[in-house]
Amino acid sequence: METMHPDVEKVLFSEEDIANMVKRLGAQISEDYKGKDLVLIAVLRGAVVFMGDLMRAIDTDLAIDFMAVSSYGNGTKSSGTVRIIKDLDIDIKDRDVLIVEDILDSGLTLKYLMANLVSRGPASLEVCTFLWKDVEGKQAAIDPKYVGTHCPDEFVVGYGLDYAEHYRNLPYVGILKPEVYA
Ligand code: PRP
Ligand code: MN
Ligand code: MG
């Protein structure tokens, strides 16, 4: 196991676990999108690390673009509103769009994003999320087609996921010690 950051209580998914998930997702997406006009849209900033790995695990032609939305700010709870901070640069009309996210938690971010992107007339629109906190009764109705793994209802950091902009560079996913955000 990797050396743990002192603020991390427990490693949930190791680098090796993550590499295996990415490989499996990449193979599935390659198969499903062969011959299609695939556009991966990563949600800044959390999804950057996953995007970098996932795109290299896909061996069919694709384009990438980024959107920045934020709902959490520096807190551990969603603010309840989603803001677009950076829009797409490319046109997704009639293209096969796959949204790449690091985590699906309350679903607020993806609910907003999907409604926004569907109005631009893509040929298809699906979601690939690395982590899915599918806690009962807590989540907006989002049905991600591709999921790396389910995630317990803990404050997780690393592999792109932050707390107040820290920990995104950890190569594993860990649970933050409660005293760090208390
Ligand atoms: C986090 C995370 C997801 C979203 C998930 O982003 O990266 O995008 O929250 O939460 P939800 O399902 O409850 O909406 P955040 O707003 O913290 O911005 P960041 O990606 O820049 O960290
Ligand atoms: Mn995010
Ligand atoms: Mg965040």
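Read on for an overview of the structure. (Residues numbered from 1 in each chain as written. Chains lettered and ligands numbered in written order. Predicted model: local features only at pLDDT ≥ 70, side-chain atom pairs only at ≥ 80, totals over all residues. Heavy atoms only, no water.)

## Topic: the nonpolar core
(1) Moving on: Ile 29, Phe 50, Leu 131, Val 156 and Val 173 are the most contacted members of the largest nonpolar core, which totals 29 residues.
(2) Moving on: Residue assignment for this core shows that the elements contributing at least two residues are strand E1 (8-13), helix H1 (15-32), strand E2 (38-44), helix H2 (48-56), strand E5 (96-104), strand E6 (124-132) and strand E9 (173-176).
(3) Moving on: When residues in this core are grouped by element, the largest group, five residues, is from H1.
(4) Moving on: If you look at the next biggest cluster of nonpolar residues, it comprises 19 residues, including Val 97, Leu 104, Leu 117 and Trp 132. (Core = buried A, V, L, I, M, F, W, Y, C linked by side-chain atoms within 4.5 Å. Buried < 20%, exposed > 50% of the residue type's maximum accessible area, 1.4 Å probe, protein only. Helix = DSSP H or I, 4+ residues; strand = E, 2+ residues; numbered from the N terminus.)

## Section: the environment of Arg 56
(1) Moving on: Structurally, Arg 56 is set in helix H2.
(2) Moving on: Here Arg 56 falls in the exposed class, since its relative accessible area comes to 67%.
(3) Moving on: In this structure the side chain of Arg 56 is engaged in a polar contact, spanning 2.8 Å, whose partner is the backbone oxygen of Gly 52. (Polar contact = N/O pair within 3.5 Å; in protein donor to acceptor, adjacent residues only side chain to side chain.)

## Let's talk about the sheet that holds strand E8 (residues 156-157)
(1) Moving on: Taken in spatial order, the three strands line up as E1-E9-E8 in an open sheet, and their pairing is antiparallel. The outermost strands of the open sheet, each flanked by one partner alone, are E1 and E8.
(2) Moving on: In the sheet, E8 pairs with E9 via two bridges, with the strands oriented antiparallel. Across the sheet, Val 157 pairs through a bridge with Gly 174, a residue of E9.
(3) Moving on: Its contacts with the sheet put H1 on E1 and E9, and the angle it makes with E1 is roughly 30°. (Pairing = 2+ DSSP bridges. Contact = heavy atoms within 4.5 Å. Axes fitted to C-alpha atoms, helices over the stretch in contact; angles between N-to-C directions.)

## Observations regarding the sheet that holds strand E3 (residues 62-70)
(1) Moving on: The strand order E4-E3-E2-E5-E6-E7 describes an open sheet built from six strands, whose pairing is mixed. Bordering the open sheet on either side are strand E4 (83-86) and strand E7 (146-150), each of which pairs with just one other strand. Taken over all neighbouring pairs, the strand axes of this sheet differ in orientation by 30° on average, direction set aside.
(2) Moving on: Sitting on the sheet, H2 touches E2, E3, E5 and E6, and the angle it makes with E3 is about 170°.

## Concerning the packing of aromatic side chains
(1) Moving on: In total, this model carries five aromatic pairs according to the counting rule given.
(2) Moving on: Here the aromatic rings of Phe 50 and Phe 130 are separated by 5.3 Å at their centres, their planes lie at 45°, and the arrangement is tilted. Of this pair, Phe 50 sits in helix H2 while Phe 130 is found in strand E6, placing the two residues 80 residues apart along the sequence. The same class applies to Phe 50 and to Phe 130, which are both buried.
(3) Moving on: When the ring of Phe 155 is compared with that of Tyr 163, the centres are 5.7 Å apart and the planes differ by 85°; the resulting orientation is edge-to-face.
(4) Moving on: Take Phe 155: its relative accessible area is 15%, and that puts it in the buried class.
(5) Moving on: In this structure an aromatic cluster arises from ring pairing among Phe 50, Phe 130 and Tyr 159. (Phe/Tyr/Trp six-rings, centres within 6.5 Å; stacked < 30°, edge-to-face > 60°.)

Take it as geometry only, folks, not as evidence of what the structure does.
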